[in-house]
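Structure assessment
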Amino acid sequence: MSAIKSIRGTRDLLPPETAQWNFVEAAVRDVFRIYNFHEIRTPIIEDLQLFQRSVGEETDIVSKEMFAWEDRGRAESEKSGQWIALRPENTAGVVRAYIEHKMWERPGLQRLFYIGPQFRRERPQKGRYRQFYQIGAEVIGPPAAGSESPTVDAEVIEMLATLLDRVGISGWTLELNSVGCKDCRPAYNNALREALAGVIDKMCSDCQRRAVTNPLRVLDCKVPADQPIIAKLPVMLDYLDESCRIHFAKLQELLTTLSIDHVVNAQMVRGIDYYVKTAFEFTHGALGAQNAILGGGRYDGLSENLGGPPAPGIGFAIGEDRFVMARQQSGDTLTQPVDVYIAPLGEGMDREAALLARELRRHDVSAELGNEGFRLKKSLETASRIGARYALIVGENEVSSGEFALKNLGTGEQQKVPRRELAKIIQSSR
Ligand code: AMP
């Protein structure tokens, strides 16, 4: 029978690599704690309309990459009709939850983070998967709580710099742009449409459609032949209104004060419709073609689009897969060897070994239990192969005398150790 394989674009994360993931998640949780962010968990499935109304119908994510299906209900007689989607990102879900649970009634700004899988039907390649993981955060709240202020943007970006530092990723570049707001975007869209009018017949069919429906999305185009044309198009930065200009200048000033280097990339628009004003991306040289390690931006107006009250906000999503990859490039392996392999020798010793293992584990010693069917040589070989630091021999003589042979597998030294001192000795050499 042929074996069943994992779905294209998905992958299994196996030990020891999972240790890297756990390390990253523990480190980011700790950073979120000191910045007073709290975890939110939203469902992996949402109403498809949520993404159409937030991420946007003309984006690649919604128009090409959604996993979505019509929910038929359990019985034939049940009404069908709702379209359900696997979430391609988590900001929309968080804002939906913010509205659904009237989180604006809570004091101050909501400072939320999430860690979880997202789904996009992209062409899989290194660093790009159909199920991938994001670590993200959002700061959202009523304008009266200060949610529109560029100080929030600066704090979020500063937190990211700390986060990268904590997980040991250096050598990143912060690219920054302002994509304007609902007041100044229309004038820019007009300028863009005008500029596109003369060149659009040379561009791809997606661009031709977007030039009419949503011209900003032309800037997301990845078709190589279109790039020289896109490079010559007008940029939003030249069309910012007074308030967007001040917001952007203030943010840059704050980042400079905080010693966070950044470059302005006037063409970066980040592929999602809900962004206004600040848009940013951190890139990393070690990642190759998929070099965006994380991205984010401001989304004032998104809550209203989803039927909620005014709730300006800013957030980001780190690609955890790429985060782990960038860490691995730095060479830190994080393998945690098991402290001791317990080798029962002879009939009836399984029982004694199990008791000893329980005792040691209660003292925080990690232990793997061997098998009394093995001879001493095979036990020691197994202990070495699994990378144990010690082998502990449990034979009849040891049990009756209360002294056990403990072999340090690194140095090869063996000593006799009284039962009650085993845990202390094993731990002291970690
Ligand atoms: P976005 O939600 O598009 O703003 O993406 C934020 C980050 O998620 C990107 O910078 C990537 O690091 C990561 N990311 C997006 N799509 C994928 C994917 N298909 N596979 C792996 N990581 C991804």
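On a predicted model such as this, the values are computed, not experimentally measured, just so you know.

1. Looking at the site of the ligand
Among the 15 residues in the neighbourhood of the ligand, the closest are listed as Arg 120, Glu 122, Tyr 129, Arg 270 and Ala 292. The separation between an oxygen atom of the ligand and a polar main-chain atom of Ala 292 is 2.8 Å. Here Ile 293 contributes a backbone N or O atom positioned 3.2 Å from an oxygen atom of the ligand. When the ligand is considered free in solution it has 490 Å² of accessible area, and contact with the protein chains removes 94% of it. Mapped onto the shell around the ligand, the elements with two or more residues apiece are strand S6 (131–140), strand S10 (292–298) and strand S11 (313–319). It is S10 that provides the largest number of residues to the shell around the ligand, a total of four residues. By residue class, the composition of the shell around the ligand is six nonpolar, four polar and five charged.

2. What to know about the layout of surface pockets
Estimates place the volume of the second largest pocket at around 660 Å³. Lys 182, Val 276, Asp 300, Gly 301 and Asn 305 are, among the 31 residues lining the second largest pocket, the residues nearest its centre. Put simply, the parts of the chain that give the lining of the second largest pocket at least two residues each are helix H2 (48–56), helix H6 (185–197), strand S9 (276–284) and helix H10 (302–305). A breakdown of the residues in the lining of the second largest pocket according to their chemical character gives eleven nonpolar, nine polar and eleven charged.

3. A few points about the domain arrangement of the chain
Bring the parts together and some accessible area is lost; that lost area is often taken as the interface size. Looking at the assigned domains, one finds that the chain contains domain 1 (17–184 + 240–330) and domain 2 (340–428). Distance from the C-alpha centre of domain 1 to the C-alpha centre of domain 2: 49 Å.

4. Quick look at the packing of aromatic side chains
Geometrically, a pair of aromatic rings is defined through the distance of the ring centres and the angle of the planes. Scanning the entire structure with this criterion turns up nine aromatic pairs. Taking the centre distance of 5.6 Å and the plane angle of 55° together, the rings of Tyr 188 and Tyr 239 count as tilted. Of this pair, Tyr 188 sits in helix H6 while Tyr 239 sits in the loop between helix H8 (227–231) and helix H9 (242–257), placing them 51 residues apart in sequence. Residue Tyr 188 is classed as buried on the basis of its relative accessible area, which comes to 0%. Judged by centre distance (5.1 Å) and plane angle (75°), the ring pair of Tyr 274 and Tyr 275 falls under edge-to-face. Note on Tyr 274: relative accessible area 6%, which makes it buried.

5. Side note on the nonpolar core
Counting 51 residues, the largest nonpolar core has Phe 51, Leu 196 and Met 203 as the members making the most contacts within it. Mapped onto this core, the elements with two or more residues apiece are H2, helix H3 (60–64), helix H4 (91–100), strand S5 (110–119), H6, helix H7 (205–213) and H8. At six residues, H4 tops the list of elements feeding residues into this core. Once you skip the residues sitting within four places of it in the chain, Phe 51 turns out to touch Glu 46, Gly 56, Val 62, Met 66, Ala 85, Arg 87, Pro 88, Glu 89 and Ala 92. Tyr 35, Val 167, Leu 251 and Leu 255 belong to the second-largest nonpolar core, a separate cluster that totals 43 residues.

6. Concerning helix H13 (residues 376–385)
Among the residues of H13, those classed as buried are Ser 379, Leu 380, Thr 382 and Ala 383. Across the axial projection of H13, the buried residues extend over an arc of 160°, all falling on one side. In H13, the exposed residues that point more than 90 degrees away from the buried face are Lys 377 and Arg 385. Looking one or two places after H13, you find Gly 387, whose phi comes out positive at around 80°.

Reading guide: rules and limits
- Residues numbered from 1 in each chain as written.
- Predicted model: local features only at pLDDT ≥ 70, side-chain atom pairs only at ≥ 80, totals over all residues.
- Heavy atoms only, no water.
- Near = heavy atom within 4 Å.
- Polar contact = N/O pair within 3.5 Å; in protein donor to acceptor, adjacent residues only side chain to side chain.
- Areas by Shrake-Rupley, 256 points an atom, 1.4 Å probe, with all protein chains shown as cover.
- Helix = DSSP H or I, 4+ residues; strand = E, 2+ residues; numbered from the N terminus.
- Nonpolar A, V, L, I, M, F, W, Y, C, P; charged D, E, K, R; others polar.
- 1 Å grid on protein atoms, 1.4 Å probe; cavity = no way out; pocket = protein on both sides within 12 Å on 5 of 7 lines; lining within 4 Å.
- Points joined across faces, edges and corners; volume = space filled by probe spheres on them.
- Domains from an automatic or database assignment.
- Phe/Tyr/Trp six-rings, centres within 6.5 Å; stacked < 30°, edge-to-face > 60°.
- Buried < 20%, exposed > 50% of the residue type's maximum accessible area, 1.4 Å probe, protein only.
- Core = buried A, V, L, I, M, F, W, Y, C linked by side-chain atoms within 4.5 Å.
- Contact = heavy atoms within 4.5 Å.
- Arc of directions from axis to C-beta.

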